[in-house]
Amino acid sequence: MAKPIYTTHLGMFDILPDESPKWRAIEDIIHEEAAKFNFEEIRTPIMEQTELIKRGIGQLTDIVTKEIFAFTKGDSNYVLRPELTAPVVRSFVEHHLDQRGGSQKLYYIGPMFRAERPQKGRQRQFHQFGVEIIGSNDAIADVECIAFMMGIYKRIGIKNFNLKINSVGDPESRDTYKTVLRDYLKPHFQKLSELSQKRFEKNPMRILDSKEPEDQEFIKNAPIIGDFLNEESETHFNLICDYLKKLDIEFTIDPLLVRGMDYYTRTAFELTSPDLGSQDALAGGGRYDLLVEEIGGQPTPAVGFAAGIERLLIACEELNITLAEPKSVDIYFVALGETARTWALTTLPTLRKKGISATMDYLGRSMRAQMKDANRENANFTLIVGDNELEEGKFTLRNMKESDEKLLSLDDILTFFDR
Ligand code: HAM
């Protein structure tokens, strides 16, 4: 076979017809579960202004320094969105969604873009679903986010995971902790990785998230944020832990959990799965009480999470979870001759109006070839139409699974399929 001239970009994939039913099944579950939680869907553009993403996620984060797909058009700088928290907050501020009253309970599903080195479970275009609850300070909002996230995995049948949570403190607790952490790391500064040295001044907490081998020894013995939380942050965190226990949601507290974006305050959580390889994070999220103000809105607390859909699909594959039945069609019209084909074409709408899925051959093939095609299409029934059948007004409806046939009029057929 000739080699194709054009291919998808490295780390980006087509979702082909055989795979799309799985995606639809997951998306249906997300929409259904979101409705149960009374979350409303939000859809924002794929592109955002570079400045929003830099300001929202943080100038020194990996995403901003290394992973954004950025481009210029005229005088404007854009990026393909690497995540949706900053864009959703932009939308919240731009459209004054606070004026709708209460807290905004938003969810989304869509593609994100990060120029990472592709590997299993790490793409350059990947899909997330997520939730952002904007306008609530209450630990209940954090827990509802987590409960929604866990509910989706449970419903799909993924049960084997670790939920890790931590509090990264509010600005006051963080300032105290950052000073303590810097004091602790200072004597070892020269031994830290280059990246950690860069983060030392502006965001020393991200050093705790470093995967560089030379940093591990210092991370292991570092002071932990939990010991420096002020009363408010501590109460909030304890309340979340209590609520999670009451909801029977298992978790572990991971004092080293800091996340990859600068916007997090207080709650941070991550869901990992042993069924994934090295890219084991299924989902992650937390609070970002300062982001709305940072992006130009009124001070407004918020919390959310996002989950990778490709990673969810990998976990399903590992666990042999069937998300969608193989595709099928109710009736395949096997029509022979011009008159019969025209009758078939003009009868299809009658069936479809009744909610029956129906198709016919588009290639004018022989009866045998059409029967073969009906099998390939996984048709439940074939309807054989030729001149004789049209004259008598009776057609052979063949059950393809049970190889049993009935001679029926069109009305009988419609009654037969009446659901
Ligand atoms: P994140 O941890 O960067 O958080 O991404 C969330 C999830 O997206 C990850 O746990 C992973 O499943 C998936 N993911 C991330 N990068 C890739 C990739 N390159 N390939 C495949 N999957 C990937 C956020 O994006 C935050 N906006 C979450 C959040 C919402 N925090 C508060 N609200």
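Here the structure is a predicted model, which means the values were calculated and not measured.

Cut-offs and rules
- Residues numbered from 1 in each chain as written.
- Predicted model: local features only at pLDDT ≥ 70, side-chain atom pairs only at ≥ 80, totals over all residues.
- Heavy atoms only, no water.
- Pairing = 2+ DSSP bridges.
- Helix = DSSP H or I, 4+ residues; strand = E, 2+ residues; numbered from the N terminus.
- Contact = heavy atoms within 4.5 Å.
- Axes fitted to C-alpha atoms, helices over the stretch in contact; angles between N-to-C directions.
- Core = buried A, V, L, I, M, F, W, Y, C linked by side-chain atoms within 4.5 Å.
- Buried < 20%, exposed > 50% of the residue type's maximum accessible area, 1.4 Å probe, protein only.
- Parallel < 35°, antiparallel > 145°, perpendicular 65-115°, else oblique.
- Left-handed = near helix turned anticlockwise from the far one by under 90°.
- Nonpolar A, V, L, I, M, F, W, Y, C, P; charged D, E, K, R; others polar.
- Near = heavy atom within 4 Å.
- Polar contact = N/O pair within 3.5 Å; in protein donor to acceptor, adjacent residues only side chain to side chain.
- Areas by Shrake-Rupley, 256 points an atom, 1.4 Å probe, with all protein chains shown as cover.

1. Some points on the sheet that holds strand β7 (residues 162–167)
Taking strand neighbours across the sheet as the criterion, the 8 strands line up as β1-β5-β6-β11-β10-β9-β7-β8 in an open arrangement whose pairing is mixed. At either end of the open sheet lies a strand with only one pairing partner, and these are β1 (40–41) and β8 (252–253). Where strand β5 (residues 104–113) lies against strand β6 (residues 125–134), 10 bridges are found, and the strand directions are antiparallel. Across the sheet, residue I109 finds its bridge partner in β6, namely F129. Its contacts with the sheet place helix α4 (residues 85–94) against β5 and β6, and it is angled at close to 45 degrees to β6. Taken strand by strand, helix α5 (residues 139–156) contacts β6, β7, β9 (265–272), β10 (281–287) and β11 (302–308), and its axis lies near 15 degrees from that of β11.

2. Focus: the nonpolar core
If you look at the biggest cluster of nonpolar residues, it comprises 50 residues, and the most contacted ones within it are F129, M149, Y153, L163 and F305. In terms of residue count, α5 provides more of this core than any other element does, 12 residues in total. Apart from residues lying up to four places away in sequence, F129 is in contact with I30, Y108, I109, I152, Y153, F305, A306, A307, I309 and L312.

3. Points about the packing of α5 against helix α9 (residues 231–246)
Each pair of packed helices gets described by two things: the angle between the helix axes and the distance between those axes. Here α5 crosses α9 at 45 degrees, and the two axes come no closer than 9 Å. Classified by the angle between their axes, α5 and α9 sit oblique to one another. Both α5 and α9 take part in a crossing whose hand is right-handed. Of α9, the residues touching α5 (which contributes A139, I140, D142, V143 and I146) are H236, L239, I240, Y243 and L244. Residue classes in the contact of α5 with α9 are distributed as 8 nonpolar, 1 polar and 1 charged.

4. Regarding the site of the ligand
Around the ligand, a shell composed of 27 residues is seen, among which E83, T85, E116, E132 and Y264 lie nearest. One of the side-chain nitrogen or oxygen atoms of E116 is found 2.6 Å away from a nitrogen atom of the ligand. Between G308 and the ligand, the recorded distance is 3.1 Å, taken from a backbone N or O atom to an oxygen atom. Contact with the protein chains covers 96% of the free accessible surface of the ligand, which is 660 Å². Examining the composition of the shell around the ligand, we find that 6 residues originate from one element, β10, more than from any other. Considering only residue class, the shell around the ligand consists of 11 nonpolar, 9 polar and 7 charged.

5. Details of the side chain of S136
Note that S136 resides in the loop between β6 and α5. A distance of 3.1 Å separates a polar side-chain atom of S136 from the backbone nitrogen of D138. Residues contacting S136, with those up to four places away along its chain left out, are S103, A141, R287, P301 and A302.

6. Some details on the sheet that holds strand β4 (residues 76–80)
As summarised here, the arrangement of the 3 strands in space is β2-β4-β3, forming an open sheet in which the pairing is antiparallel. Each of the sheet's edge strands pairs with one partner strand only, and the pair in question is β2 (47–49) and β3 (70–73). With direction set aside, neighbouring strand axes in the sheet form an average angle of 40 degrees. Sheet topology note: the β2/β4 ladder contains 3 bridges and is antiparallel. Residue pairing across strands places Q49 opposite Y78, the latter belonging to β4. Packing of helix α2 (residues 50–57) onto the sheet brings it into contact with β2 and β4, and relative to β2 it is tilted by some 75 degrees.

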